[in-house]
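Each chain is listed here by its residues.
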Amino acid sequence: MVVAGGVLILAWYVLRVLGLWWGRAAAMVRRLSPWTRRMHAWVLSAPATFCYVAIFTASTLVQVAAPPSLIRVLTTLESTNLANLSRAELHVLLDSALWVADKGEGLGLYILVFVTVVAWGEQRHGTPRIIVIGLTGHVLGSLLTALLETEALESGRAPARLAVSTDVGVSYMMVAGCAAAVLLMRGRWLTAGVSALAVGVLGPLVWSRSLWDLGHLLATLCGLAAAWVMLLVVPPRAAPDLVGCLPRPRWRRGAPGMDAGTGAGAGGRLGEPGEPGE
């Protein structure tokens, strides 16, 4: 999915360059521009989400390219296990959120959820609040999970190696952001959002019953609580429409795809904006 997305982006900019000389490419750019402008505006309206996606995607590409033994060492050192939390709590809480667990497994699904559901949540809550919500889910979810680990170790219900296990990933941030988005959904979207969140978070508790699955539930509840408290103070905002803020190219006389004899292309009279070019 990541490779396909990169290829599509590269192809779009190659097409725009070809459109400077090739009429058919210019015509295709004009037809696709309304869609690319909407995508551009969607990205700009959720800067925190897309910056975070870029960061954990880059870390995943490092995992794929680097030797497995090196990645095991790095993820173990930055894991939110009990040994690391007792050594450098703040450091591991922040660094553990920059990795995709299991050597990047499920990266495409993470990206899809972030750029759709969490991005929409950021548009409605605002960037500062979605950052607080995500950090609340990740930090409090990790700390509460650590408390459960401690209790399990002290009671003898878990092996000692649990204290040095690997626990990294972006999923706590993701479920917290999804919970915040679902809180603002209405009608059929609310039904779909609650159902998806229930299957994704509660389902694994029924199937595998692991401590990490319980951690996802705790992160979801923490993100939901943070979003609800902030909504009591400030109501949600309308999703910003940034399409009109994006620049429009001006088609010049003689450019490929201009109507012969009129000096006008798809944008109408000479000197007026044509179709969007982003």
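Keep in mind that what you see is a predicted model, and the values were worked out from it rather than measured.

Undergrad: Before we go on, may I ask you to explain the overall build of the protein in this structure?
TA: Along the backbone of the protein there are twelve helices and zero strands. Going residue by residue from the N terminus, the α and β elements of the protein occur as α-α-α-α-α-α-α-α-α-α-α-α. Burial statistics for the protein: of 278 residues in total, 43% are counted as buried. Per element, the accessible surface of the protein, about 15,300 Å² overall, is 70% carbon and sulfur.

Undergrad: Looking at this model, I keep getting lost on the environment of Cys178. Mind explaining?
TA: Tracing the sequence through the fold places Cys178 in helix α10 (residues 171-182). Along the primary structure Cys178 and Trp120 are separated by 58 residues, whereas in three dimensions their C-alpha atoms are 9.3 Å apart.

Undergrad: Explain the packing of α10 against helix α11 (residues 187-207) to me, please; I cannot follow it from the model alone.
TA: Helix-helix packing is described using two parameters, namely the angle between the two axes and the distance between the axes. Two elements in contact, α10 and α11, have axes separated by 10 Å at closest approach and are oriented at 155°. If you check the angle between α10 and α11, you find them roughly antiparallel. Between α10 and α11 the crossing geometry is left-handed. In this structure, α10 uses Val175, Cys178, Ala179 and Val182 to contact α11, whose residues at the interface are Leu190, Gly193, Val194, Leu197 and Val201. Here the residues of the contact of α10 with α11 are counted per class, giving eight nonpolar, one polar and no charged.

Undergrad: Just to check I follow, could you spell out a nonpolar patch on the surface for this structure?
TA: A cluster of nonpolar residues, Trp228, Val229, Leu232, Val233 and Val234, forms a patch on the protein surface that exposes about 520 Å² of accessible area. Following the sequence through the fold, Val229 ends up in helix α12 (residues 211-233).

Undergrad: Would you mind going over the layout of surface pockets with me for this structure?
TA: Sizing a probe to match a water molecule and rolling it over the atoms shows the empty space that remains. For the largest pocket, the calculated volume is near 1,300 Å³. Tyr110, Ser171, Met174, Val175 and His216 are the residues nearest the centre of the largest pocket, which is lined by 47 residues in total. Residue assignment for the lining of the largest pocket shows that the elements contributing at least two residues are α4 (68-77), α7 (101-104), α8 (107-125), α9 (127-154), α10, α11 and α12. At eight residues, the largest contribution of residues to the lining of the largest pocket is made by α11. Grouping the constituent residues of the lining of the largest pocket by class yields 26 nonpolar, 14 polar and seven charged.

Undergrad: What exactly am I supposed to notice about the packing of aromatic side chains here?
TA: Aromatic ring pairs are reported here in terms of the distance separating the ring centres and the angle at which the planes meet. Tallying each qualifying case throughout the model produces three aromatic pairs. Geometrically, the ring pair formed by Tyr52 and Phe56 is edge-to-face, given 5.3 Å between the ring centres and 80° between the ring planes. Residue Tyr52 and its partner Phe56 are located together in helix α3 (residues 47-65), separated by four residues, close to a single helical turn. The same class applies to Tyr52 and to Phe56, which are both buried. Ring-pair connections join several aromatic residues into one group, and the members of that group are Tyr52, Phe56 and Phe114.

Undergrad: I tried to follow the confidence of the model for the protein on my own but got confused; where do I start?
TA: Keep in mind that low pLDDT regions are not for reading the predicted coordinates in detail. Scored by pLDDT, the protein has a mean of 80; 81% of the residues are at 70 or more. For the protein, helix α5 (residues 82-87) is the element with the lowest average pLDDT, namely 70, and α10 is the one with the highest, namely 96. Throughout residues 258-278 the model reports pLDDT below 50, and contacts reaching past four residues in sequence, or to other chains, amount to 51 contacts.

The rules behind the values
- Residues numbered from 1 in each chain as written.
- Predicted model: local features only at pLDDT ≥ 70, side-chain atom pairs only at ≥ 80, totals over all residues.
- Heavy atoms only, no water.
- Helix = DSSP H or I, 4+ residues; strand = E, 2+ residues; numbered from the N terminus.
- Buried < 20%, exposed > 50% of the residue type's maximum accessible area, 1.4 Å probe, protein only.
- Areas by Shrake-Rupley, 256 points an atom, 1.4 Å probe, with all protein chains shown as cover.
- Axes fitted to C-alpha atoms, helices over the stretch in contact; angles between N-to-C directions.
- Parallel < 35°, antiparallel > 145°, perpendicular 65-115°, else oblique.
- Left-handed = near helix turned anticlockwise from the far one by under 90°.
- Contact = heavy atoms within 4.5 Å.
- Nonpolar A, V, L, I, M, F, W, Y, C, P; charged D, E, K, R; others polar.
- Patch = residues over 30% accessible without salt bridge, like charges linked within 9 Å, V, L, I, M, F, W, Y side chains within 5 Å.
- Salt bridge = Lys/Arg side-chain N within 4 Å of Asp/Glu carboxyl O.
- 1 Å grid on protein atoms, 1.4 Å probe; cavity = no way out; pocket = protein on both sides within 12 Å on 5 of 7 lines; lining within 4 Å.
- Points joined across faces, edges and corners; volume = space filled by probe spheres on them.
- Phe/Tyr/Trp six-rings, centres within 6.5 Å; stacked < 30°, edge-to-face > 60°.
- pLDDT = per-residue confidence, 0-100.

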